[in-house]
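Structural features, examined
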Amino acid sequence: MPAPTKSVLPVVLLGCGGVGRYLLRHIVSCRPLHANQGVAIRVVGVADSSSLLVADDVHSSGLDDALLTHLCAAKSAGSPLSSLLGQGQCQLFQNPEARSKVIDAATTLGRTTGLVLVDCSATYDTVNLLKDAVDHGCCIVLANKKPLTGAYEDFQKLVSNFRRIRFESTVGAGLPVIASVTRIIASGDPVSRVVGSLSGTLGYVMSELEDGKRFSEVVKTAKSLGYTEPDPRDDLGGMDVARKALILARLLGQQISMDNINVESLYPSELGPDAVSTEDFLESGLVQLDRSMEERAKAASSRGNVLRYVCEIGSAGCQVGLKEVPKDSALGRLRGSDNVVEIYSRCYESSPLVIQGAGAGNDTTAAGVLADVIDLQDLFQRTA
């Protein structure tokens, strides 16, 4: 009886923040599950913003699980990757040499065993590195939205070989939004419109307004629950939703940039970061928004509607902002920090395909990234 075979996926991780660390923990904890599925993920390198920790021999071994566990603990405590030297068979390289070493790994493995470059960072700075990896035949998995939302030429380059890129977690964390859109398109059913509430923070805020709570109180509560960024204006400005909308719009064939998207901010420029500190915004700025938000919520309610902060992508372009939706619709029934997406096409015109669930959180996002990595297994060699 022939020995069972397995697909070995060498991985280099860019970004050791919350999502990156959860991803490494998931990889370690899922070893038995993946072994039963005939898959082995070999983490050959991990990079943060200043350095790269890489296995001594990327061809035959990776960073061992004990080292990966120590790495997660060290980065959680704010320690540098250099603190891990001596704990396993690995080498450390500082920037800019670290970048060249990633390219070396991409060159070496991309055209032999293959390599998955996973971007869990939150910067535009990885774009050129990702494009170089594509040129060397590597696979790309993204949780980082920014490489896909810069210049349209960069987007085209990264998705030029669609079989080798996965970016599900850029839009809905672990929700299968990208997969659903691409499957519908591949079936010859043109997608006419996508409407989604893609911010757990703003979904929570809008659903709480329905109960008559003041906008300022709801935002402060959301911050205390950890739903917002340290400065809530990073959420209230709508740019994170706009990036997700841009990715979906480009996926639908729209050759647009951020400048083409109408984004409604929930605070005026005179309360922006350049004019008011975070502390002053929370203490005295937010309450200035209460009356207008209360009036909009009441006006919507009088028409049997509720307010939702949504992105809408269709033939007329892409808009992001507050929208009245029927209270009994999928968007209207949304509560808490869940995300919901409605996809309209020829087959789903009168009754859209609705995807709903947790759309945020490091754990959920990392699980989505891992699923994307595993989804690439058929592109890798199977070994005994």
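Now for a quick tour of the structure. Here the structure is a predicted model, which is why all the values come from computation and not from measurement.

Further remarks concern the pairing of strand β1 (residues 6-14). Burial runs high along β1: eight of the nine residues are buried. The pairing of β1 with strand β14 (residues 382-383) spans two bridges and is classified as antiparallel. Bridged to Lys6 within β14 is Thr383. Summarising the sheet, β1 and strand β2 (residues 39-47) pair through eight bridges and their orientation is parallel. In the sheet register, Pro10 faces β2, and the bridge partner there is Arg42. Relative to strand β5 (residues 116-119), β1 is paired through four bridges, and the arrangement is parallel. Bridge pairing links Val11 to Val116 in β5.

With that out of the way, let us pick up helix α12 (residues 239-251). The end-to-end C-alpha separation of α12 is 18 Å, in line with the 18 Å expected for 13 residues at 1.5 Å each. For α12, the tally of buried residues reaches eleven of 13 residues, placing the bulk of the element in the interior. When α12 is considered as a whole, its buried residues turn out to be Val241, Ala242, Arg243, Lys244, Ala245, Leu246, Ile247, Leu248, Ala249, Arg250 and Leu251. Just past α12, the residue Gly253 takes up positive phi, approximately 100 degrees.

What describes two packed helices is the angle between their axes and the distance between those same axes. Where helix α1 (residues 18-29) contacts helix α15 (residues 362-375), the two axes come as close as 8 Å, and the packing angle between them is 60 degrees. It follows from the interaxial angle that α1 and α15 lie oblique. Both α1 and α15 take part in a crossing whose hand is right-handed. Facing α1, whose interface residues are Gly18, Val19, Tyr22, Leu23, His26 and Ile27, α15 presents Asn362, Asp363, Thr365, Ala366, Ala367, Val369 and Leu370. Classifying every residue of the contact of α1 with α15 gives eight nonpolar, four polar and one charged.

As a further point, take the pattern of salt bridges. Going through the model one piece at a time under the given rule, you end up with 21 salt bridges. Among the ionic pairs, Glu210 bridges to Arg335, the shortest N-O distance being 3.5 Å. In this pair, Glu210 is assigned in the loop between α9 (200-209) and α10 (215-224) and Arg335 in the loop between β11 (317-326) and β12 (338-345), connecting sequence segments 125 residues apart. Accessibility expressed as a relative area gives 32% for Glu210, which makes it partly exposed. Residue classification places Arg335 among the partly exposed residues on the basis of a relative accessible area of 39%. Bridged by salt links that share partners, the residues Glu210, Asp211, Arg308 and Arg335 form one connected network.

This part is about unusual backbone geometry. Trans is the prevailing form of peptide bonds, just as negative phi is the prevailing case for residues other than glycine. Look at the link from Asn95 to Pro96: it is a cis peptide, with omega at 5 degrees. Take Pro96: it is sitting in the loop between β4 (90-94) and α4 (97-110).

Attention now moves to the environment of Arg42. With respect to the helices and strands, Arg42 occurs in strand β2. For Arg42 and Gln89, which are 47 residues apart along the polypeptide, the C-alpha to C-alpha distance reads 14 Å. Apart from residues lying up to four places away in sequence, Arg42 is in contact with Val8, Leu9, Pro10, Val11, Val58, His59, Ser60, Ser61 and Gly62. Polar contacts involving the side chain of Arg42 include one to the main-chain carbonyl oxygen of His59, which spans 3.1 Å.

With that out of the way, let us pick up helix α3 (residues 65-76). Count 3.6 residues to each turn of an α-helix, and residues three or four apart come out pointing the same way. Relative to the 16 Å expected for twelve residues at 1.5 Å per residue, α3 spans 17 Å between its end C-alpha atoms, a close match to the ideal helical length. Of all the residues in α3, the buried ones are Leu67, Leu68, Leu71, Cys72, Ala74 and Lys75. The buried side chains of α3 occupy one side of the element, clustering within an arc of 165 degrees when seen end-on. Turning to α3, the residues buried within the fold contact α1, α2 (31-36), β2, β3 (51-55) and β4. Of the residues flanking the start of α3, the one acting as N-cap is Asp64, its side-chain oxygen 3.1 Å from the backbone nitrogen of Ala66. Immediately beyond the C-terminal end of α3, within one or two residues, lies Gly78, with a positive phi of roughly 85 degrees.

Relative orientation of the contacting elements α4 and helix α5 (residues 127-135) amounts to 20 degrees, with a least axis distance of 9 Å. Looking at the two axes, α4 sits roughly parallel to α5. Our pair here, α4 against α5, has a crossing hand that is right-handed. For the pair α4 and α5, contact is made by Arg99, Val102, Ile103 and Ala106 and by Asn128, Leu129, Asp132 and Ala133, respectively. For the contact of α4 with α5, a count of residues per class yields five nonpolar, one polar and two charged.

Reading the values: rules and limits
Residues numbered from 1 in each chain as written. Predicted model: local features only at pLDDT ≥ 70, side-chain atom pairs only at ≥ 80, totals over all residues. Heavy atoms only, no water. Buried < 20%, exposed > 50% of the residue type's maximum accessible area, 1.4 Å probe, protein only. Helix = DSSP H or I, 4+ residues; strand = E, 2+ residues; numbered from the N terminus. Pairing = 2+ DSSP bridges. Expected span 1.5 Å × (residues − 1). Axes fitted to C-alpha atoms, helices over the stretch in contact; angles between N-to-C directions. Parallel < 35°, antiparallel > 145°, perpendicular 65-115°, else oblique. Left-handed = near helix turned anticlockwise from the far one by under 90°. Contact = heavy atoms within 4.5 Å. Nonpolar A, V, L, I, M, F, W, Y, C, P; charged D, E, K, R; others polar. Salt bridge = Lys/Arg side-chain N within 4 Å of Asp/Glu carboxyl O. Polar contact = N/O pair within 3.5 Å; in protein donor to acceptor, adjacent residues only side chain to side chain. Arc of directions from axis to C-beta.

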